[in-house]
Amino acid sequence: MPHLILASASPRRRELLEQIGVHFDCRPVDICEDPLQQESAREYVTRLAQEKALAGLEQAGGDSVVLGSDTTVAIDDHILAKPANEDEAVTMLMQLSGRRHQVLTAVALAAEGIIEVCCVGTDVEFIELDDARCRQYWRTGEPCDKAGAYGIQGLGAVFVKSINGSYSAVVGLPLMETAAMLQKFDIPVWQPN
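Please read all numbers here as calculations on a predicted model, not as lab measurements.

Here is what the cut-offs are and how they apply
- Residues numbered from 1 in each chain as written.
- Predicted model: local features only at pLDDT ≥ 70, side-chain atom pairs only at ≥ 80, totals over all residues.
- Heavy atoms only, no water.
- Helix = DSSP H or I, 4+ residues; strand = E, 2+ residues; numbered from the N terminus.
- Rg over C-alpha atoms; globule rule 2.2 N^0.38 Å.
- Buried < 20%, exposed > 50% of the residue type's maximum accessible area, 1.4 Å probe, protein only.
- Contact = heavy atoms within 4.5 Å.
- Areas by Shrake-Rupley, 256 points an atom, 1.4 Å probe, with all protein chains shown as cover.
- Lys, Arg positive; Asp, Glu negative; His and termini not counted.
- Charge placed at Lys NZ, Arg CZ, Asp CG, Glu CD.
- Expected span 1.5 Å × (residues − 1).
- Polar contact = N/O pair within 3.5 Å; in protein donor to acceptor, adjacent residues only side chain to side chain.
- Axes fitted to C-alpha atoms, helices over the stretch in contact; angles between N-to-C directions.
- Parallel < 35°, antiparallel > 145°, perpendicular 65-115°, else oblique.
- Left-handed = near helix turned anticlockwise from the far one by under 90°.
- Nonpolar A, V, L, I, M, F, W, Y, C, P; charged D, E, K, R; others polar.

Asker: Looking at this model, I keep getting lost on the overall build of the chain. Mind explaining?
Answerer: Of the regular secondary structure elements, the chain holds six helices and seven strands. Compactness check: the chain gives a C-alpha radius of gyration of 17 Å against a globular reference of 16 Å for 193 residues, within 12% of the reference. The buried share among the 193 residues of the chain stands at 50%. Put simply, 67% of the contacts in the chain that link residues at least 6 apart link residues at least 24 apart. When the accessible surface of the chain is split by element, carbon and sulfur atoms take 48% of a total near 9400 Å². Computing the positive centroid from 16 side-chain charges and the negative centroid from 28, the chain places the two 5 Å apart.

Asker: Looking at this model, I keep getting lost on unusual backbone geometry. Mind explaining?
Answerer: In terms of backbone geometry, most residues other than glycine have negative phi values and most peptide bonds are trans. Unlike most non-glycine residues, Gln38 shows phi in positive territory, near 70°. Mapped onto the elements of the fold, Gln38 is located in the loop between strand S2 (25-26) and helix H2 (41-60). Take Gln38: its relative accessible area is 76%, and that puts it in the exposed class. Phi is positive for Asp186, which is not a glycine, with a value near 60°. Relative to the assigned elements, Asp186 resides in the segment after helix H6 (175-184).

Asker: What is the right way to look at H2 in this model?
Answerer: Since the α-helix packs 3.6 residues into each turn, any two residues three or four apart lie on the same face. Spanning 20 residues, H2 covers 28 Å between terminal C-alpha atoms, matching the ideal 28 Å at 1.5 Å per step. Ala41, Tyr44, Val45, Thr46, Arg47, Leu48, Ala49, Lys52, Ala53, Gly56 and Leu57 are the residues of H2 that are buried. Immediately downstream of H2, the backbone of Gly61 shows phi near 65°, a positive value.

Asker: Would you explain the side chain of Ser8 in this entry?
Answerer: With respect to the secondary-structure elements, Ser8 resides in the loop between strand S1 (3-6) and helix H1 (11-19). Take Ser8: its relative accessible area is 6%, and that puts it in the buried class. Here the side chain of Ser8 touches Ser10 through a polar contact of 3.0 Å, landing on its backbone nitrogen. Dropping the residues within four chain positions of it, Ser8 is found in contact with Arg13, Cys26, Arg27 and Pro28.

Asker: When you look at the packing of helix H3 (residues 86-96) against helix H4 (residues 131-138) in this model, what are you seeing that I'm missing?
Answerer: Packed helices, taken two at a time, are described by the angle between their axes plus the distance between the axes. Where H3 contacts H4, the two axes come as close as 9 Å, and the packing angle between them is 130°. Viewed along their axes, H3 and H4 adopt a mutual orientation that is oblique. The crossing of H3 and H4 is right-handed. The segment H3 lies against H4, with Glu86, Asp87, Ala89, Val90, Leu93 and Met94 engaging Asp131, Cys134, Arg135, Tyr137 and Trp138. Looking at side-chain class alone, the contact of H3 with H4 contains seven nonpolar, no polar and four charged residues.

Okay, here's the thing in structure tokens:
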């Protein structure tokens, strides 16, 4: 059975893989995550997932299978990455206020000579927010490392009016699609500890 490596430092991705009983090692990779000029949100997350998987495979070598993934929030064809500071987070949250946006998560699995990629989009609608509530949320520390400045699996869940699509993809890894991809690479799910 091939060995799976998660090329990510995301605690959420680790938790999601553990949730479905996948055995893996975590070996984060460092790549440039700046969007390219004229790159759509879907192209952006797909490229980053592929680059992470391939960088992880280059480090690991052998008969490893490497999972790379990336998540972004998009509204009006604009990518909302991780906020650099409070004002940037508040600006992002106010853009999402009372509106529907899309969360895109791409997953790439790479092994010697093979790469498979999928991208899952989920529509999320927010309630109306105000500046004070956004700043209060920032002070919790939760938005600091989240695309779009919120975490649906945490305190930010109270902002979500509706969701259409994969909840786990919004958290950071679309589990149904990931499990199907892992099976193609002979990586089992539901393994006992």
